[in-house]
Amino acid sequence: MRRALALATLGRGTAAPNPFVGAVVAWGGTVLGQGFHRLAGEPHAEAIALSQIGSRARGATLYTNLEPCCHTGRTPPCVHEIVLAGVRRVVASMRDPNPRVDGGGFRYLRRHGIEVEIGLLRREAKELNAAFVKHARRGLPYVTLKGAVSLDGRIATRCGDSKWITSSTVRRHARLLRAEHDAVLVGIGTALADDPRLNRRPKPRASSPFLRAVIDSSLRLSPTSRLVRTARREPVTVFCGAEASAARRKKLLSAGVTVETIGRRGGRLDLEAALFRLAAGGVSQLLVEGGSEIHGSFLENGLADRLVLYLAPRIVGGRAALPFVGGEGPQWIRDAAMLRSVSCARVGDGWLVDGRLR
Ligand code: AOF
Ligand code: ZN
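Caption draft 1: Looking closely at the overall build of the protein chain. When you go through the protein chain residue by residue, the secondary structure sums to 12 helices and 16 strands. Taking 2.2 N^0.38 as the reference for a compact globule, 358 residues should give roughly 21 Å; the C-alpha atoms of the protein chain span a radius of gyration of 23 Å, in line with that estimate. Here the C-alpha coordinates of the protein chain stretch approximately 70 × 45 × 35 Å along the principal axes. Sequence separation of at least 24 residues holds for 71% of the intrachain contacts in the protein chain that already meet a minimum separation of 6. Within the structure as shown, the protein chain displays about 17,100 Å² of accessible surface, and the carbon and sulfur contribution to it stands at 52%. A distance of 4 Å separates the average location of the 55 positive side-chain charges in the protein chain from that of its 30 negative side-chain charges.

Right, dumping it as structure tokens:
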């Protein structure tokens with residue numbers, strides 16, 4: 001199963017919104033065939049593993065980190081192939097939360113006389129497919145907040161200078177992180193200050209196009225910004241309030257930008273509403289890349305699942321220097337956001353702190 005999980009991770013950056021799935025067909029201690037799911041529309045992990053070995057699958061055990069599917073999507077149901085191949089036993093880490101599967105795969109296999117064992121390395125499997133599970137169960141993307149900060153938690157000086165807090169090695173690492181997501185989101189403050197392009201480089205052959213989203217209540221995004229100028233090649237969605245000017249909306253629309261109006265909550269645009277829209281459009285893994293106020297809103301509203309922080313060995317200082325997290329902030333330390341399962345690694349001349357929120 002460890003090998004199936006390792007194979008599954010090879011789908012990162014390309015398979016979403018489909019899950020990361022690996023499969024290994026084995027007899028005794030010998031691996032006969034193996035595979036992983038790379039792209040939506042391409043064969044599933046189990047189908048690939050079985051196709052490598054033909055009749056040798058008879059009597060073998062199939063290990064996979066996700067329940068084999070029993071529905072016809074872009075590809076035929078894996079359970080048919082498993083039964084036809086004569087597999088004797090299926091070991092799976094977890095159930096597939098997709099409502100079209102959701103236990104149906106296991107039932108089908110058992111009905112056809114196959115021994116089914118569920119739960120091996122379940123925790124690891126759930127963690128690997130946390131985004132797929134959240135998207136399927138709650139209709140929301142898995143949200144990662146990302147930032148590059150000085151040791152004193154600043155993302156810019158008092159004058160707004162931010163280029164660059166981290167070294168080029170670290171920035172390369174951050175680009176790889178972006179490539180593992182299906183969408184990126186920033187606030188209009190960041191879009192105006194940095195004029196970023198927010199694309200995925202190098203461009204992977206992915207299951208869905210990379211989406212760039214901006215929270216911009218009054219549509220201040222300039223039609224000549226790099227985001228808007230590239231909108232026809234790589235999709236851009238701007239979320240605005242109902243009061244945004246019709247003329248600005250028209251300009252963005254004619255440049256190929258998607259403009260979505262969302263409601264307000266506590267005076268600010270309702271970020272959760274934006275997340276539901278993104279998920280409905282197929283986004284399951286969202287990277288939030290600033291700025292300060294957007295990070296504050298995500299944290300205050302409990303909308304973030306993971307935090308990735310690149311720490312640079314610098315101290316910016318200055319009470320007016322922008323902090324990584326703005327907003328109001330809690331009154332008490334006991335209400336401060338707490339990370340779990342935190343890992344810390346050396347990257348370039350700094351550190352990468354990665355943990356789950358809540
Ligand atoms: C598996 N093994 O490798 C994958 C599974 O459109 P389709 O046919 O690719 O179906 C996508 C759904 O199939 C996906 O939402 C999930 O429920 C399941 N994915 N299942 O047994 C795989 N990728
Ligand atoms: Zn399948």
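Caption draft 2: A look at the side chain of Thr14. Take Thr14: it is sitting in the loop between helix 1 (2-8) and strand 1 (22-27). For Thr14, a relative accessible area of 15% puts it in the buried group. Only 2.8 Å separates the side chain of Thr14 from the backbone oxygen of Arg38, close enough to count as a polar contact. Setting aside residues up to four positions removed in sequence, Thr14 forms contacts with Arg38, Leu39, Pro204, Arg205, Ala206 and Ser207.

Caption draft 3: Spatial organisation of the coordination of the zinc ion (ligand 2). Looking at the metal site, the zinc ion (ligand 2) is ligated by His44 (ND1), Cys69 (SG) and Cys78 (SG), spaced 2.0 to 2.2 Å from it. If you list the donors of the zinc ion (ligand 2) from N- to C-terminus, the spacing comes out as H-x24-C-x8-C. Linking His44 in the loop between strand 2 (30-36) and helix 2 (45-51) with Cys69 in the loop between strand 3 (61-64) and helix 3 (78-85), this pair joins segments that are 25 residues apart in sequence. Taking the relative accessible area as the measure of exposure, Cys69 reaches 3% and is therefore buried.

Caption draft 4: The arrangement of the pattern of salt bridges in detail. Tallied over the full model, the rule gives 16 salt bridges. Three or more residues are tied together by salt bridges with common partners; here these are Lys146, Arg178 and Glu289.

Caption draft 5: Quick look at the domain arrangement of the protein chain. Looking at the protein chain, the domain boundaries give domain 1 (2-131) and domain 2 (140-214 + 271-357). Centre-to-centre separation of domain 1 and domain 2, based on C-alpha positions: 33 Å. Opposite the 14 residues of domain 1 that make contact, domain 2 presents 14 residues. Here domain 1 and domain 2 share an interface that buries about 1,100 Å² over both sides, 54% of which is from carbon and sulfur atoms. The three residues of domain 1 that bury the most area against domain 2 are Gly13, Pro17 and Ala131, which together make up 41% of that side's buried surface. Viewed at the interface, domain 2 and domain 1 are joined by 2 salt bridges. Two residues, Glu127 and Arg356, come together in a salt bridge whose shortest N-O distance is 3.8 Å. Classifying every residue of the side of domain 1 that touches domain 2 by side-chain character gives 8 nonpolar, 2 polar and 4 charged.

Caption draft 6: Representation of the pairing of strand 9 (residues 236-240) within the structure. Of all the 5 residues making up strand 9, 5 are buried; the element is thus mostly covered by neighbouring parts of the structure. Here strand 9 shows two buried faces, one formed by Val236, Val238 and Cys240 and the other by Thr237 and Phe239. Inspection of the sheet shows strand 8 (residues 211-215) paired to strand 9 by 4 bridges, in the parallel sense. Paired with Ile215 across the bridge in strand 9 is Phe239. Assessed by its sense of winding, the connection that carries the chain from strand 9 through helix 10 (residues 246-254) to strand 10 (residues 258-261) is right-handed.

Parameters and conventions
Residues numbered from 1 in each chain as written. Chains lettered and ligands numbered in written order. Predicted model: local features only at pLDDT ≥ 70, side-chain atom pairs only at ≥ 80, totals over all residues. Heavy atoms only, no water. Helix = DSSP H or I, 4+ residues; strand = E, 2+ residues; numbered from the N terminus. Rg over C-alpha atoms; globule rule 2.2 N^0.38 Å. Contact = heavy atoms within 4.5 Å. Areas by Shrake-Rupley, 256 points an atom, 1.4 Å probe, with all protein chains shown as cover. Lys, Arg positive; Asp, Glu negative; His and termini not counted. Charge placed at Lys NZ, Arg CZ, Asp CG, Glu CD. Buried < 20%, exposed > 50% of the residue type's maximum accessible area, 1.4 Å probe, protein only. Polar contact = N/O pair within 3.5 Å; in protein donor to acceptor, adjacent residues only side chain to side chain. Donors = N, O, S within 2.8 Å, 3.2 Å for Na, K, Ca; no water. Salt bridge = Lys/Arg side-chain N within 4 Å of Asp/Glu carboxyl O. Domains from an automatic or database assignment. Buried area = accessible area lost by both parts, 1.4 Å probe. Nonpolar A, V, L, I, M, F, W, Y, C, P; charged D, E, K, R; others polar. Pairing = 2+ DSSP bridges. Right-handed = clockwise from strand over helix to strand, strands pointing away.

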